[in-house]
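So you can see what is in the structure, the chains are spelled out below.
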Amino acid sequence: MTADFTVSDLRQCPDFFDTVADRIWQAWWEPKGVPLAYIAGRLTENLNADPLPIALVAHDGPTFLGTSSVIASDLEDLPQYTPWVAAVWVDPEHRKRQIGRTLVARAAQDVFALGIDRVYLCAPKLRRNFYLRQGWVPIEEDVGDRSVTVFVLEQGCGASGAAQNPPKLP
Ligand SMILES: CC(C)(COP(=O)(O)OP(=O)(O)OC[C@H]1O[C@@H](n2cnc3c(N)ncnc32)[C@H](O)[C@@H]1OP(=O)(O)O)[C@@H](O)C(=O)NCCC(=O)NCCS
């Protein structure tokens, strides 16, 4: 099965900058009253020459489909874990095409390509199966005020081929 979309580093497709900032802001920060300009400022860190943080964009040519990020820290309670896959988002009209799965797998692959063997993420109970099915292993439960589960993925484990060649679902 060949994916009908591309995943690019935001550095390679900066035209999507405003859309990525908007989606991250709307999904996670607008409800907390954080200004869009603050999120856009943080996102500019993904455009510098440092390998981390990373922002990825799933797109079909000029059409934005979704985004994911790799950041140094996602939970202040657990500073010992780094880096994290975060801000996984697919626009509602494009969901259930394995774009989300591919964005997660590509973010993990990009971490492993830097010589880092472990990557973390946190998710609410609603998303538990989504990550379990991709080989992520829960290591901490009910963390923080949002009661999230913390998952780890180690290099060589999980559905790492998904970014290149998403498997056909039954
Ligand atoms: C979570 C999210 C990123 C998933 O994006 P997506 O592109 O729909 O992801 P996928 O298509 O890879 O998989 C989603 C589900 O659809 C299923 N699916 C994918 N392709 C399918 C197909 N052709 N037929 C039937 N089901 C399919 C997958 O099995 C998966 O099910 P699961 O969640 O029970 O494991 C998206 O729903 C989203 O942006 N949600 C809001 C933000 C959010 O919650 N982010 C995650 C925070 S932890």
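Refer to the structure presented above.
Please read these numbers as outputs of a predicted model, since none were measured by experiment.

## Re unusual backbone geometry
Cis geometry is adopted by the peptide bond preceding P53, which originates at L52 and carries an omega value of 0°. Within the fold, P53 resides in the loop between α2 (36-43) and β2 (54-60). Each neighbour pair has its own omega, and for T82 with P83 the value is -5°, a cis peptide bond. You can see P83 is positioned in the loop between β3 (63-71) and β4 (84-90).

## What to know about the packing of aromatic side chains
The full count for this structure, using the stated rule, is 8 aromatic pairs. Relative to W136, the ring of Y131 has its centre 6.4 Å away and its plane inclined at 75°; by these criteria the two rings are edge-to-face. An identical accessibility class is assigned to Y131 and W136; each is buried. Each member of the aromatic cluster is reached from another via a ring pair, and the members are F130, Y131, W136 and F151. One Lys or Arg, K32, reaches over the ring of W29 and ends 4.6 Å from the middle of that ring. The ring of W89 has R95 lying over it, and the distance from NZ or CZ to the ring centre is 4.8 Å.

## Details of α2
For α2, the set of buried residues is I39, A40 and L43. Projected down its long axis, α2 shows its buried positions confined to an angular sector of 100°, all on one face. Elements that come into contact with the buried residues of α2 comprise α1 (17-29) and β2.

Quick notes on the rules
- Residues numbered from 1 in each chain as written.
- Predicted model: local features only at pLDDT ≥ 70, side-chain atom pairs only at ≥ 80, totals over all residues.
- Heavy atoms only, no water.
- Helix = DSSP H or I, 4+ residues; strand = E, 2+ residues; numbered from the N terminus.
- Phe/Tyr/Trp six-rings, centres within 6.5 Å; stacked < 30°, edge-to-face > 60°.
- Buried < 20%, exposed > 50% of the residue type's maximum accessible area, 1.4 Å probe, protein only.
- Lys NZ or Arg CZ within 6 Å of the ring centre and 35° of its normal.
- Arc of directions from axis to C-beta.
- Contact = heavy atoms within 4.5 Å.

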